[in-house]
Amino acid sequence: MTSKLSSGAGDNAANSVAMAVLNAIQNPVVMVDEAGLIAFANWEAEAFFGASASHLSRYKISTFIPFGSPLLALIDQVRERRGPVNEYRVDLSSPRLGQDKLVDLYVAPVSSEPGSVVVVFQERSMADKIDRQLTHRAAARSVTGLASMLAHEIKNPLSGIRGAAQLLEQSVEDDDRALTRLICDETDRIVSLVDRMEVFSDERPVDRVPVNIHSVLDHVKAVAKAGFARNIKLSENYDPSLPAVFANRDQLVQVFLNLVKNAAEAVGDRQDGEIMLTTAYRPGIRLSVAGTREKISLPLEFCVIDNGPGVPADLVPHLFDPFITTKTNGTGLGLALVAKIIGDHGGIVECDSQNHRTTFRVLMPASKGITLEDAPFPNSTGTTR
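To start, this report covers the structure provided alongside it. From a predicted model like this one, the values you see are computed outputs, not experimental measurements.

## Quick word on the side chain of Asp33
1) Next: Of note, Asp33 is situated in the loop between β1 (29–32) and β2 (38–41).
2) Next: Residue classification places Asp33 among the buried positions, given a relative accessible area of 14%.
3) Next: At 3.0 Å, the side chain of Asp33 forms a polar contact with the backbone nitrogen of Ala35.

Here it is as structure tokens:
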């Protein structure tokens, strides 16, 4: 790693500490000198620009960002004002950096290096994950209150309506019996909907143990192949070295059955329809666990990917809100329940959708000190370890 933070031999120890601190920051950080060259880049910046710090130091910052980017004007502004400047939602998308590179920028002068500035990039994808997680939890809480109200205020009157319809059915003509049957069927449908919503009002702590995620996904895959996805290709790309996830196995089965069923419905009758299940270990972001002060990382990534038509762009930000659905007869509670369950586990779920590729990505914490070999569940081949 290259650094021009200082040049005296007596500053080596201070440089080492400063570099260690900068490398520990989970955001890309670069220092741009007076000539516009990249004088320093932390590890996250190397990953962001796709090049080593020694390679970056040979070029100006303008080499790596799109032509006419607001970042160059911000750097000039900071040099003139000699004060920090923030800019939000700056698009740095380019063939070099990749698509959807939306970032927040913090640019500040370096007092000990005249003309030099420090640039901190915060990728909006990370900030949006946090925003979406908070939104999903708030939505789940709103459904919780609604479910409690419905259970008390609606189910009892519905029971009376159904009972009255059954009594009428015994005394009406055959031609009218279809109407009383309709009343019973519709009240049953409403009660079923309320029952589904009552799941949201369950505030008991989740009973969690180390779980082999591959046994969960294999179980979901077997259920899908035997039923709703029997004519769809189901493939997998698992990381066999993945540690166990700290979770409730039954609830994980519920989550991934819901996601795979949605994927199967999206694929429909396409001849080349395919659903892929993937697992991977990724550097996770740190989030607070609901109800505690503990912060955990979310390194475990589980994805359900389909090649269906995709989710409309205007619907993606609200996909996990209750009563939002693209299905003709859907209730819009399935994905809201997925968000609640994953949120109760301290994780997040998100959706990335493009034409013919939709990815539902679940990020969850690992079980501390437990590997899949230690997890007391079947492995990915379906045999018990």
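## Notes on helix α4 (residues 70–81)
1) Next: With twelve residues, α4 should reach 16 Å at 1.5 Å per residue; the first-to-last C-alpha distance of 16 Å fits that figure.
2) Next: Residues Leu71, Leu74, Ile75 and Val78 constitute the buried set of α4. Take α4 and look down its axis: the buried residues cluster within an arc of 100°, on one side only.
3) Next: If you follow the buried residues of α4, they end up packed against β1, β3 (85–91), β4 (102–109) and β5 (117–123).
4) Next: Positive phi appears at Arg82, one or two residues downstream of α4, with a value of about 55°.

## Notes on the sheet that holds β5
1) Next: The strand order across the open sheet formed by five strands is β2-β1-β5-β4-β3, and the pairing between neighbours is antiparallel. Two strands in the sheet have a free side with no partner beyond their single neighbour: β2 and β3. Averaged over all neighbouring strand pairs, the angle between strand axes comes to 25°, with direction disregarded.
2) Next: Relative to β2, β1 runs antiparallel, the two sharing three bridges. What sits directly across from Met31, in β2, is Phe40.
3) Next: Across the sheet, α4 touches β1, β3, β4 and β5, and the angle it forms with β4 is around 20°.

## Some remarks on the pattern of salt bridges
1) Next: If you walk through the whole model with that rule in mind, you get eleven salt bridges.
2) Next: Ionic pairing is found between Asp272 and Arg270, a salt bridge with its closest N-O pair at 2.9 Å.
3) Next: Looking at Asp272, the relative accessible area reads 47%, which means it is partly exposed.
4) Next: Owing to a relative accessible area of 27%, Arg270 belongs among the partly exposed residues under this scheme.
5) Next: When the shortest N-O distance is used, the salt bridge between Arg361 and Glu350 registers 3.3 Å. One end of the pair, Arg361, is in strand β14 (residues 357–364); the other, Glu350, is in strand β13 (residues 348–354), with eleven residues separating them in the sequence.

## As for the nonpolar core
Side chains that are nonpolar tend, in soluble globular proteins, to be buried together.
1) Next: Ranked by internal contacts, the top residues of the largest apolar core, which has 42 residues, are Ile213, Val245, Leu252, Phe256, Leu259, Ile275 and Phe302.
2) Next: Ranked by the residues each element gives to this core, the list is headed by helix α9 (residues 249–267), at nine residues.
3) Next: With residues near it in sequence (within four places) discarded, Phe256 still touches Ile213, Val216, Leu217, Val220, Phe302, Val304 and Val362.
4) Next: Counting 27 residues, the second largest nonpolar core, distinct from the first, contains Ala45, Ala53, Phe64 and Ile75.

## Thoughts on the packing of aromatic side chains
1) Next: For the coordinates displayed, the defined rule picks out six aromatic pairs.
2) Next: Between Phe256 and Phe302, the ring centres sit 6.2 Å apart and the planes meet at 70°, which makes this aromatic pair edge-to-face. Within this pair, whereas Phe256 is found in helix α9, its partner Phe302 is found in strand β12 (residues 300–306), the two being separated by 46 residues in sequence. By the burial criterion, Phe256 is buried, and Phe302 matches it.
3) Next: Among the aromatic residues, those joined into a ring-pair cluster are Phe48, Phe49, Tyr59, Phe64 and Phe121.

## Topic: the sheet that holds strand β9 (residues 274–281)
1) Next: The mixed open sheet is built from five strands, whose spatial order is β7-β9-β12-β14-β13. Looking at the sheet topology across the chains shown, the edges are occupied by β7 (233–237) and β13. Averaged over all pairs of adjacent strands, the angle between their axes in this sheet comes to 15°, without regard to strand direction.
2) Next: Where β12 meets β14, seven bridges bridge the pair, whose relative direction is antiparallel. Bridged to Cys303 within β14 is Arg361.
3) Next: Strand contacts of α9: β9, β12 and β14, with the helix running at about 25° to β12, the strand carrying the most contacts.

## Concerning the environment of Val311
1) Next: Along the polypeptide, Val311 turns up in the loop between β12 and α10 (334–344).
2) Next: Once the C-alpha coordinates of Val311 and Thr358 are considered, the two residues, 47 residues apart in sequence, prove to be 7.2 Å apart.
3) Next: Discounting residues that sit within four places of it in the chain, Val311 has contacts with Val316, Leu319, Cys351, Ser353 and Thr358.

## Some details on unusual backbone geometry
1) Next: For Arg82, which is not a glycine, the phi torsion comes out positive at approximately 55°.
2) Next: With respect to the helices, strands and loops of the structure, Arg82 is situated in the loop between α4 and β3.

Calculation criteria
- Residues numbered from 1 in each chain as written.
- Predicted model: local features only at pLDDT ≥ 70, side-chain atom pairs only at ≥ 80, totals over all residues.
- Heavy atoms only, no water.
- Helix = DSSP H or I, 4+ residues; strand = E, 2+ residues; numbered from the N terminus.
- Buried < 20%, exposed > 50% of the residue type's maximum accessible area, 1.4 Å probe, protein only.
- Polar contact = N/O pair within 3.5 Å; in protein donor to acceptor, adjacent residues only side chain to side chain.
- Expected span 1.5 Å × (residues − 1).
- Arc of directions from axis to C-beta.
- Contact = heavy atoms within 4.5 Å.
- Pairing = 2+ DSSP bridges.
- Axes fitted to C-alpha atoms, helices over the stretch in contact; angles between N-to-C directions.
- Salt bridge = Lys/Arg side-chain N within 4 Å of Asp/Glu carboxyl O.
- Core = buried A, V, L, I, M, F, W, Y, C linked by side-chain atoms within 4.5 Å.
- Phe/Tyr/Trp six-rings, centres within 6.5 Å; stacked < 30°, edge-to-face > 60°.

Treat this as a map of the structure, not an account of what it does.
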